[in-house]
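Below, each chain spelled out in residue letters.
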Amino acid sequence: MDKPLIPKDEFPIFRNNPSLNFLDSAASSQKPESVINAMDEFYSTTYANIHRGMYKLSEQSTNLYEKAREKVAKLINAKPNEIIFTKSATESLNLLAYVLEPKSYAVSVMEHHSNFVPWQFMAKARKKPISYIDIDDEGFFRKLPKAGLYALSAASNVLGTINNIHGLCDEIRDNKGISVIDATQAVPHGKFDVKKEGCDFTAFSSHKMLGPTGIGVLYAKEGILDNAKPFLFGGDMIKSVSVEGTEFSDAPYKYEAGTPPIAEAIGLSAAIDLLEKTGMENIRNHEMALTKYAMESIENIKNISYYGPKDPRKKAGVISFNVSGMHANDVAYFLSAKNIAIRSGHHCAMPLHRRLNITGTARASFYVYNDKSDIDALADALGKLNFR
Amino acid sequence: MADTDIYDKYVDIFNQKKHFRKLEGSDVISADSYVSCADNIRVYIRVKDGMIEDASFDKVSCFVGVVVSEMLAKDIIGKPLSYLNSIDIQHVNRLMGVDVTQNFQMKGCAELPISAFKEIAKKVKK
């Protein structure tokens, strides 16, 4: 905790802005040089479209893309054919909302809008019942209702609450339901094993785990999408096309229509290399120590209250808080003047803020390049906040 | 002007705001929200003989939203109702002496009271 888990000088942004205290990784992480270089090298030496080229460059490009799929699969203990590349976690969840047709839905009030709005919209459009899963004051899910599909987050992007996904997926399976887990705030920050958790679907994004924007991941348990309809139509997702009709490929290719985010997959692959070299358990422990230290530091500052679990073992590296008498935006503006980057607002979780009876929060979130000095800078600035 | 300079320049207006209140007996109320920062502003006006006799605002907003609401409320009092049609972001820039459009978030916060006051004008016409 005294120093970053991955040195700041491995990130060009910190070399260019050495005094930056970046505490907004729950929104998006910074990019290490290894990721930038991997994408640059690919574009400079190997770039070609994948899958249908007989020439060497296309073959190399295809190999790199498919190796990225293997690497993602290994990270979460899945098989490569269970990994679908999308443009974002949001698209992964929208894809599912479109292709899955359950008899009823259950969505938690704590979800990011990307795991809330698609289900709400589809339930209404298809005239199917939807129920909302309440939380306790720390963000732990209350009793699950009976439903055909459950959309739940592994870790809250606002409260940081880490729910017991393994137990929930067991319960969902007992209810004969399908589990859709938004692991966007979980996969980048610790070991996440889809087989151990027992979920049917898991979505996460690259840009929150040191990788580039423009690529998301959807884990779909083998065979579960065999009879589901495609999402987008076009090249690379077909077996054959004729005027009589079209036969579609199997997953994952059925859900990767058109030219995919090739360079982004290669960037993600480089990010995973660095994360695995660092160690997912080490990352979790580092963030837990930072979170504990941040909670202790903030607790002592007058007029500040924070939300979510008080036990750092049950909390991801996210602290949302409010300063009495100050709008969260203003807190963020003032911190920005001290080169401290935090986020403010509802963090794409309006139902959660309504549930907590607050309009918005300021949020600090931590990652591998943060250390104690970032928290000290935050606490020091928060202690001096006022309009004078 | 840096973002924080706006705070320095308008801190007195923020702290001594005179129009942050519910306007009893108001003719028209309009509310609008800015989804990006969860702001929600409600504005009130009282009209007599086509002139804006009083104006105010309440609910939740950040510093920029409050300052712009306060300045607009003060600005429109004593003006004909049709004056509301002329207020826009450039008008706010002139009032403040700052180009708030330079900061995307601040622009959104400043546009919130503009849109709420303009909505009032539409309601009155109906």
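Residues numbered from 1 in each chain as written. Chains lettered and ligands numbered in written order. Predicted model: local features only at pLDDT ≥ 70, side-chain atom pairs only at ≥ 80, totals over all residues. Heavy atoms only, no water.

**Considerations on the overall build of chain B**
Defined as follows: Helix numbering and strand numbering both begin at the N terminus, where a helix is a DSSP run of H or I of at least 4 residues and a strand a DSSP run of E of at least 2. We call a residue buried when its accessible area falls under 20% of the maximum for its residue type, exposed when it is over 50%, and partly exposed in between, using a 1.4 Å probe and counting protein chains only. Note on contacts: a residue pair qualifies if any of its non-hydrogen atoms lie within 4.5 Å across the two residues. Each accessible area value is a Shrake-Rupley result obtained with a 1.4 Å probe; residue values ignore everything except the protein chains displayed when judging cover.
A tally of helices and strands in chain B yields four helices and three strands. The order of α-helices and β-strands along chain B, N terminus first, is α-β-β-β-α-α-α. Classification of the 126 residues of chain B by burial places 49% in the buried group. A separation threshold of at least 6 residues defines the contact pool for chain B, and within that pool the share at least 24 residues apart is 61%. Per element, the accessible surface of chain B, about 5900 Å² overall, is 51% carbon and sulfur.

**Focus: the domain arrangement of chain A**
Residue and element names in this part refer to chain A. So the rule is basically this: Each domain's extent is set by a domain assignment, obtained either automatically or from a database. Joining two parts hides part of their accessible area as seen by a 1.4 Å probe, and the buried area is that hidden amount summed over both. Here, a salt bridge means any side-chain nitrogen of Lys or Arg that lies within 4 Å of a carboxyl oxygen of Asp or Glu.
Partitioning chain A into domains gives domain 1 (8-32 + 279-383) and domain 2 (34-277). Using only C-alpha atoms to locate each centre, domain 1 and domain 2 end up separated by 26 Å. Each partner contributes to the interface: domain 1 provides 43 residues, whereas domain 2 provides 41 residues. For the domain 1 and domain 2 pair, buried surface summed over both sides reaches about 3200 Å², with 59% attributable to carbon and sulfur atoms. Our count for the contact surface shared by domain 1 and domain 2 stands at one salt bridge. For Arg355, the salt bridge identified is with Asp134, shortest N-O distance 2.6 Å.

**Notes on the packing of aromatic side chains**
Residue and element names in this part refer to chain A. Stated formally: Here a pair means two rings of Phe, Tyr or Trp (six-membered ring of Trp) with centres within 6.5 Å. Their orientation is stacked below 30 degrees between planes, edge-to-face above 60, and tilted elsewhere. Think of it as a cone above the ring: NZ of Lys or CZ of Arg counts as a charge over the ring if it is within 6 Å of the ring centre and within 35 degrees of the ring normal.
Taken as a whole and judged by the stated rule, the model has 18 aromatic pairs over all chains. Plain terms: the ring middles of Phe42 and Tyr43 are 5.8 Å apart, the flat faces sit at 45° to each other, and that makes the pair tilted. Its relative accessible area of 48% is what places Tyr43 among the partly exposed residues. With a centroid separation of 6.1 Å and an interplanar angle of 45°, the aromatic rings of Tyr105 and Trp119 are classed as tilted. Within this pair, whereas Tyr105 is found in strand β3 (residues 105-108), its partner Trp119 is found in helix α5 (residues 117-125), the two being separated by 14 residues in sequence. Of the residues examined, Tyr105 reaches a relative accessible area of 0% and is grouped as buried. The rings of Phe11, Phe14, Phe22, Tyr367 and Tyr369 are connected pair by pair, giving a single aromatic cluster. One residue, Lys229, lies across the ring of Tyr98, its end atom 4.4 Å from the ring centre.

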